[in-house]
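Secondary and tertiary structure notes
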Amino acid sequence: MNGHLEAPEQRDQRPDQELTGSWGHGPRSTLDRAEAMAPPPPPLAASTPLLHGEFGSYPARGPRFALTLTSQALHIQRLRPKPDARPRGGLVPLAEVSGCCTLRSRSPSDSAAYFCIYTYPRGRRGGRRRATRTFRADGAATYEENRAEAQRWATALTCLLRGLPLPGDGEITPELLPRPPRLLLLVNPFGGRGLAWQWCKNHVLPMISEAGLSFNLIQTERQNHARELVQGLSLSEWDGIVTVSGDGLLYEVLNGLLDRPDWEEAVKMPVGILPCGSGNALAGAVNQHGGFEPALGLDLLLNCSLLLCRGGGHPLDLLSVTLASGSRCFSFLSVAWGFVSDVDIQSERFRALGSARFTLGTVLGLASLHTYRGRLSYLPATMEPASPTPAHGLPRAKSELTLTPDPAPPMAHSPLHRSVSDLPLPLPQPSLASPGSPEPLPNLSLNGGCPELARDWGGAGDAPLSPDPPLSSPPGSPRAALVSPIAQGPPIIPQFSRLPPPIHDTPVAVSTYGPPDHLLPPLGTPLPPDWVTLEEDFVLMLAISPSHLGADLVAAPHARFDDGLVHLCWVRSGISRATLLRLFLAMERGSHFSLGCPQLGYAAARAFRLEPLTPRGVLTVDGEQVEYGPLQAQLHPGLGTLLTGPPGCPGREP
């Protein structure tokens with residue numbers, strides 16, 4: 001085997017390159033943050049070979065392959081017994097790869113090392129299915145030399161997946177990789193018709209473990225539980241907080257971060273969303289940002305999980321909403337009044353239907369269409385919006401912090417209920433561990449493949465494979481003595497105390513901290529002369545920040561996560577039910593503004609005030625019902641950081 005690194009000869013410069021962080025690039029000092037905001041180096045040309053070599057296959061009697069790694073894909077060509085004229089499966093786009101690892105045979109006489117990649121290609125019917133590709137590094141006489149070559153390939157691939165720079169001198173060693181990123185996963189077990197925990201266990205946890213990410217998972221037990229957790233969390237121990245649910249759980253997390261005395265630092269914590277709820281609007285926008293085709297259900301979850309594995313943060317605009325009582329909450333999605341909020345809240349009783357509840361709610365809403373008298377005022381955006389805030393680098397701990405400090409402050413850890421972990425946290429419940437832990441879980445298939453490989457591909461004479469220590473583990477660490485966490489048999493779910501029923505009538509909590517709203521006069525006082533005011537009979541009014549109102553509803557097709565704008569859409573009275581239905585059907589493609597509907601209005605704004613003049617109605621913030629009455633809101637550009645993965649090319653998918 002003659003693997004070698006080829007020096008890049010040409011680099012492409014993209015003038016519109018986005019500023020995004022990556023896993024492992026999360027400095028916390030002021031100087032490091034300034035460096036993280038500097039533009040990243042230009043990307044390698046997609047066709048530039050980075051590594052090339054010859055590998056065998058597993059089992060050993062299989063064909064031999066020539067592998068070529070570029071910045072965009074792994075190219076596989078069969079060499080023996082007969083070269084491929086038109087190779088099938090010979091191109092593995094990195095956008096379909098969750099991670100990789102190195103393996104060794106359990107047979108002491110086998111001097112080869114093994115390089116395994118985990119992929120999620122699309123099947124003929126469009127859905128993604130997990131597949132592993134394992135290659136045998138056997139060009140050297142000793143295991144140590146073969147292992148070094150397998151680790152070189154695994155390190156290079158991991159660097160490409162995580163957006164880490166590769167050295168140009170050919171020295172690629174595991175020392176290039178920082179420690180595994182630490183994620184706090186919050187799961188709403190009631191999300192997605194009760195499928196959230198099952199999907200998380202069967203799909204999310206295996207994928208993030210394949211990517212080499214460390215995690216601690218908590219199942220929320222009641223409304224506002226996630227908010228309480230993040231309010232008392234020691235944030236320096238984490239590189240990101242990811243919700244596995246619908247949009248409501250992320251609403252709690254962001255408002256919890258902004259309701260801390262240290263909110264200015266807390267809000268920089270990267271947050272992510274893996275869609276397992278009935279409302280997955282932000283996940284739909286993340287999916288589009290990653291360049292994937294529109295997706296729903298499990299396909300959307302797998303797309304967003306792949307993007308999460310790649311890392312990469314993007315500034316996220318947040319909307320500060322002041323309610324009639326004077327309290328504030330923060331929105332990442334939308335403020336709605338009229339038809340949209342009516343459907344959202346009235347369809348709650350159909351939650352067991354999942355996302356189909358909105359379809360049924362829309363039909364019922366059209367049958368009893370209402371109009372609402374109100375006054376909408378807004379501060380128009382300037383002709384050229386302010387430049388987006390530079391991307392926050394993903395925060396990283398100042399040092400390799402011990403998660404169980406001695407002595408521990410009384411509130412160093414908020415209570416972790418219904419927990420699953422691969423980190424040595426002091427958990428009050430029996431914990432599950434994934435492959436990075438000193439005590440790996442023998443029952444949950446998390447790092448995919450060793451017995452799978454032996455069962456699916458190995459013959460009678462092929463010894464099963466076991467994983468090498470994680471590439472980013474420092475020598476001599478407890479993780480270096482890893483044994484295989486994979487076992488045959490069904491996974492065992494930990495025994496938890498009985499889960500209380502969900503609470504739907506708890507009032508939405510509000511924030512007392514956060515940035516000042518310098519564009520907003522107090523509610524009830526006159527507005528400045530540069531504001532525009534409309535007093536109309538409305539069918540609906542929607543203020544939205546990202547592009548999507550639902551996973552398959554593109555309300556503001558030109559919106560971006562950090563465009564510094566709140567997009568105001570309204571529909572005046574006089575529209576027929578058939579035309580309103582056509583608007584929502586066109587919204588699935590983002591083409592509703594091209595219908596030429598005279599009742600449909602739009603404005604880009606920096607702040608707005610809504611004064612309902614109808615005594616009854618429903619107001620929602622990010623799908624959560626709030627007190628009815630006048631409200632006003634101001635956009636704070638780039639206040640948060642969203643884990644989006646690398647940007648893709650819209651309309652194109654591997």
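Keep in mind it's a predicted model, so treat the numbers as computed, not measured.

This part takes up the side chain of Asn280. Note that Asn280 resides in the loop between strand 12 (271-275) and helix 8 (281-289). Ignoring sequence-local partners within four residues, the contact set of Asn280 consists of Ser245, Gly246, Asp247, Pro275, Leu300, Gly550 and Ala551.

A few words on the nonpolar core. Side chains of nonpolar character tend, in soluble globular proteins, to be buried together. If you look at the biggest cluster of nonpolar residues, it comprises 94 residues, and the most contacted ones within it are Leu186, Ile241 and Phe608. When residues of this core are sorted by domain, at least three fall in each of domain 2 (182-316) and domain 3 (335-382 + 514-637). Ignoring sequence-local partners within four residues, the contact set of Leu186 consists of Ile218, Ala226, Leu229, Val230, Ile241, Val242, Thr243, Val244, Leu249 and Val253. Counting 26 residues, the second largest nonpolar core, distinct from the first, contains Leu74, Leu94, Phe115 and Ala137.

Of note, Leu195 is situated in the loop between helix 3 (191-194) and helix 4 (196-210). Sequence spacing of Leu195 and Gly277 is 82 residues, and the spatial spacing of their C-alpha atoms is 8.6 Å.

Turning our attention to helix 8. Buried residues dominate helix 8, accounting for eight of its nine residues. Gly291, located one to two residues past helix 8, shows a positive phi value of around 85°.

Next up on the list: the pattern of salt bridges. Scanning the model with the defined rule gives 17 salt bridges in all. For Arg152, the salt bridge is made with Glu149, and the minimal N-O distance between the two is 3.3 Å. Linking Arg152 with Glu149, this pair stays in helix 2 (residues 143-162), spanning three residues, or about one helical turn. There is no split in this pair, since Arg152 and Glu149 are both buried. For the salt bridge of Glu535 with Arg373, the shortest nitrogen-to-oxygen distance reads 3.7 Å. Within this pair, whereas Glu535 is found in strand 19 (residues 532-544), its partner Arg373 is found in strand 16 (residues 372-380), the two being separated by 162 residues in sequence. A single network of salt bridges, built from pairs that share partners, joins Glu54, Arg64, Asp110, Arg136 and Asp138.

Once that is clear, we can look at the packing of helix 8 against helix 9 (residues 297-310). Helices that pack against each other are described as a pair by the angle of their axes relative to one another and the distance between those axes. Look at helix 8 against helix 9: their axes get within 10 Å of each other, and the N-to-C directions meet at 60°. On the basis of their axis angle, the class for helix 8 and helix 9 is oblique. Crossing geometry of helix 8 relative to helix 9 is assigned as left-handed. In contact with Ala283, Gly284, Val286 and Asn287 of helix 8, helix 9 contributes Leu300, Asn303, Cys304 and Leu307.

Moving on to the environment of Cys304. Looking at where Cys304 falls in the secondary structure, it is placed in helix 9. As a C-alpha pair, Cys304 and Pro275 span 29 residues in sequence and 7.7 Å in three-dimensional space. Contacts of Cys304, omitting those with residues within four sequence positions, involve Ile273, Leu274, Pro275, Ala283 and Val286.

Residues with a pLDDT of 70 or more make up 68% of the protein, whose mean pLDDT is 76. When pLDDT is averaged over each helix and strand of the protein, the minimum, 34, is found for helix 12 (residues 450-456) and the maximum, 97, for strand 26 (residues 631-643). Low pLDDT, under 50, characterises residues 24-42; the predicted model gives this stretch 43 contacts beyond four residues in sequence or across chains. Scored below 50 in pLDDT, residues 423-461 shows 115 contacts in the model against residues more than four places distant or in partner chains.

Okay, the pairing of strand 26 next. Most of strand 26 is tucked away: 12 of the 13 residues are buried. Alignment of strand 13 (residues 313-322) against strand 26, held across nine bridges, turns out to be antiparallel. Of the residues in strand 26, the one forming a bridge with Leu319 is Leu635. For strand 23 (residues 600-612) and strand 26, the ladder comprises four bridges, and the chain directions are antiparallel. By the bridge assignment for strand 26, Arg609 is matched with Gln632.

Moving on, we get to the packing of aromatic side chains. Applying the stated criterion across every chain, the model contains 10 aromatic pairs. Taken together, a centroid distance of 5.2 Å and an interplanar angle of 85° make the contact between Phe55 and Trp153 edge-to-face. Of this pair, Phe55 sits in strand 2 (residues 51-57) while Trp153 sits in helix 2, placing them 98 residues apart in sequence. Comparing Phe55 with Trp153, the two get one shared label, buried. Judged by centre distance (6.4 Å) and plane angle (35°), the ring pair of Tyr378 and Trp570 falls under tilted. One end of the pair, Tyr378, is in strand 16; the other, Trp570, is in strand 22 (residues 566-572), with 192 residues separating them in the sequence. Per residue, the accessibility class of Tyr378 equals that of Trp570, and both read buried. Every member of this aromatic cluster is reached through a ring pair, and the members are Phe55, Phe115 and Trp153.

Positive phi is not limited to glycine here, since Asn224 has a value of about 70°. On the basis of relative accessible area, Asn224 is assigned to the buried category, the value being 12%.

This part covers helix 6 (residues 247-257). In terms of residue burial, helix 6 counts as a mostly covered element, since 10 of its 11 residues are buried. Asp247, Leu249, Leu250, Tyr251, Glu252, Val253, Leu254, Asn255, Gly256 and Leu257 are the residues of helix 6 that are buried.

Thresholds, definitions, all that
- Residues numbered from 1 in each chain as written.
- Predicted model: local features only at pLDDT ≥ 70, side-chain atom pairs only at ≥ 80, totals over all residues.
- Heavy atoms only, no water.
- Helix = DSSP H or I, 4+ residues; strand = E, 2+ residues; numbered from the N terminus.
- Contact = heavy atoms within 4.5 Å.
- Core = buried A, V, L, I, M, F, W, Y, C linked by side-chain atoms within 4.5 Å.
- Buried < 20%, exposed > 50% of the residue type's maximum accessible area, 1.4 Å probe, protein only.
- Domains from an automatic or database assignment.
- Salt bridge = Lys/Arg side-chain N within 4 Å of Asp/Glu carboxyl O.
- Axes fitted to C-alpha atoms, helices over the stretch in contact; angles between N-to-C directions.
- Parallel < 35°, antiparallel > 145°, perpendicular 65-115°, else oblique.
- Left-handed = near helix turned anticlockwise from the far one by under 90°.
- pLDDT = per-residue confidence, 0-100.
- Pairing = 2+ DSSP bridges.
- Phe/Tyr/Trp six-rings, centres within 6.5 Å; stacked < 30°, edge-to-face > 60°.

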